[in-house]
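Here are the chains, one letter per residue:
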Amino acid sequence: MSKTQVFKGGCFCGAVEVEVQGQPAAAGICHCESCRKWHSAPVNAWAIWPEAMVKVTAGQDQLLEFNKQGSDGPSGRSSCKRCGGAVFNRKPKIGMTVVYAMTLEGSGLVFEPTFHCFYGEGVMHMADGLPKFENLPAPLGGCGKQCDEPSSTGFRR
Ligand SMILES: [Zn+2]
Ligand SMILES: [Zn+2]
């Protein structure tokens, strides 16, 4: 029997530990204003799994959930009460959970983004050859329109 891949991760201080099973359904880089404000970063690396595949293995009582209504229903952005580190974003309406890829161990090696989303509202150009959706791909509820590949990577002027 082959063993399902397990990714371990958690918050900045380590109080909240998360375990994710199997490969993500999708992974990408988000440029939306909500992600920018919440993470205080120009882009956000995300990966999404069915909610049952994402388990909090320690520090459930340390989780703080902030709900904001989005185009895909309420979004439970969850962080650690102690260190403020973001860990995941529950999307109960679609039964999925977005895990912030960089909180997973070895994420720099295992994270394989396949597209950029909400590139239209972004502040940074990334010339990496990946598709750049103005908002989301059509199968994920977006308009499916793609932005042109920029000539270089850097903040937009
Ligand atoms: Zn923490
Ligand atoms: Zn976003």
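Up top is the structure.
Just so it is clear, the structure is predicted and the values come from calculations on it, not from any experiment. (Residues numbered from 1 in each chain as written. Chains lettered and ligands numbered in written order. Predicted model: local features only at pLDDT ≥ 70, side-chain atom pairs only at ≥ 80, totals over all residues. Heavy atoms only, no water.)

Draft legend 1. The side chain of Ser 78, seen in detail. Among the structural elements, Ser 78 can be located in strand 7 (residues 73–80). Setting aside anything within four residues of it in sequence, one finds Ser 78 in contact with Trp 38, Leu 63, Leu 64, Glu 65, Gly 85, Ala 86, Val 87 and Phe 88. (Helix = DSSP H or I, 4+ residues; strand = E, 2+ residues; numbered from the N terminus. Contact = heavy atoms within 4.5 Å.)

Draft legend 2. The arrangement of the coordination of the zinc ion (ligand 1) in detail. Coordination of the zinc ion (ligand 1) by the protein comes from Cys 11 (SG), Cys 13 (SG), Cys 80 (SG) and Cys 83 (SG), over a distance range of 2.3 to 2.4 Å. Angles of 106 to 112 degrees at the metal separate the 4 donor atoms of the zinc ion (ligand 1), which places the site in the tetrahedral class. Sequence positions of the residues that donate to the zinc ion (ligand 1) give the spacing C-x1-C-x66-C-x2-C. Judged by relative accessible area, which is 26%, Cys 83 ranks as partly exposed. (Donors = N, O, S within 2.8 Å, 3.2 Å for Na, K, Ca; no water. Tetrahedral: all angles 85-135°; square planar, octahedral: opposite > 155°, others 65-115°. Buried < 20%, exposed > 50% of the residue type's maximum accessible area, 1.4 Å probe, protein only.)

Draft legend 3. How the structure looks around unusual backbone geometry. A positive phi angle, close to 50 degrees, is found at Ser 40, a residue other than glycine. As for its position among the elements, Ser 40 is in the loop between helix 1 (33–39) and strand 4 (44–50). For Phe 118, which is not glycine, the phi torsion reads 50 degrees and is therefore positive. If you trace the backbone, Phe 118 turns up in the loop between strand 10 (115–117) and strand 11 (124–125).

Draft legend 4. Quick peek at the pattern of salt bridges. Per the stated rule, a full pass over the model turns up 5 salt bridges. Across the pair Lys 132 and Glu 149 runs a salt bridge, and its minimum N-O distance is 2.6 Å. Placement of Lys 132 in the loop between strand 11 and strand 12 (154–155) and of Glu 149 in the loop between strand 11 and strand 12 is noted, with a sequence separation of 17 residues between them. Take Glu 149: its relative accessible area is 40%, and that puts it in the partly exposed class. Glu 134 is the partner of Lys 145 in a salt bridge, and the nearest nitrogen-oxygen pair spans 2.9 Å. In this pair, Lys 145 sits in the loop between strand 11 and strand 12 while Glu 134 sits in the loop between strand 11 and strand 12, placing the two residues 11 residues apart along the sequence. (Salt bridge = Lys/Arg side-chain N within 4 Å of Asp/Glu carboxyl O.)

Draft legend 5. Highlighting the packing of aromatic side chains. Here the structure, examined in full by the defined rule, presents 4 aromatic pairs. Through pairs of rings, three or more aromatic residues link up here, namely Trp 46, Phe 115 and Phe 133. Over the ring of Tyr 119 we find Arg 156; its NZ or CZ atom is 4.7 Å from the centre of that ring. (Phe/Tyr/Trp six-rings, centres within 6.5 Å; stacked < 30°, edge-to-face > 60°. Lys NZ or Arg CZ within 6 Å of the ring centre and 35° of its normal.)

Draft legend 6. The arrangement of the coordination of the zinc ion (ligand 2) in detail. Coordination of the zinc ion (ligand 2) by the protein comes from Cys 30 (SG), Cys 32 (SG) and Cys 35 (SG), over a distance range of 2.1 to 2.3 Å. Of note, the zinc ion (ligand 2) draws all its donor residues from one chain, in the sequence arrangement C-x1-C-x2-C. For Cys 32, a relative accessible area of 9% translates into the label buried. Here Cys 35 falls in the buried class, since its relative accessible area comes to 6%.

Draft legend 7. Structural view of the environment of Gly 59. The residue Gly 59 is located in the loop between strand 5 (54–58) and strand 6 (63–70) in this model. A sequence separation of 33 residues divides Gly 59 from Ala 26, and the C-alpha atoms of the two residues are 26 Å apart.

Draft legend 8. Examining the sheet that holds strand 1 (residues 6–10) more closely. Read across the open sheet, the 3 strands follow the order 1-2-5; overall the sheet is antiparallel. The outermost strands of the open sheet, each flanked by one partner alone, are strand 1 and strand 5. If you compare each strand with its neighbour and ignore which way they point, the axes differ by 25 degrees on average. In this sheet, strand 2 (residues 17–21) lies alongside strand 1 in antiparallel orientation, the contact comprising 5 bridges. Among the inter-strand pairings, Gly 9 is bridged to a residue of strand 2, identified as Val 18. (Pairing = 2+ DSSP bridges. Axes fitted to C-alpha atoms, helices over the stretch in contact; angles between N-to-C directions.)

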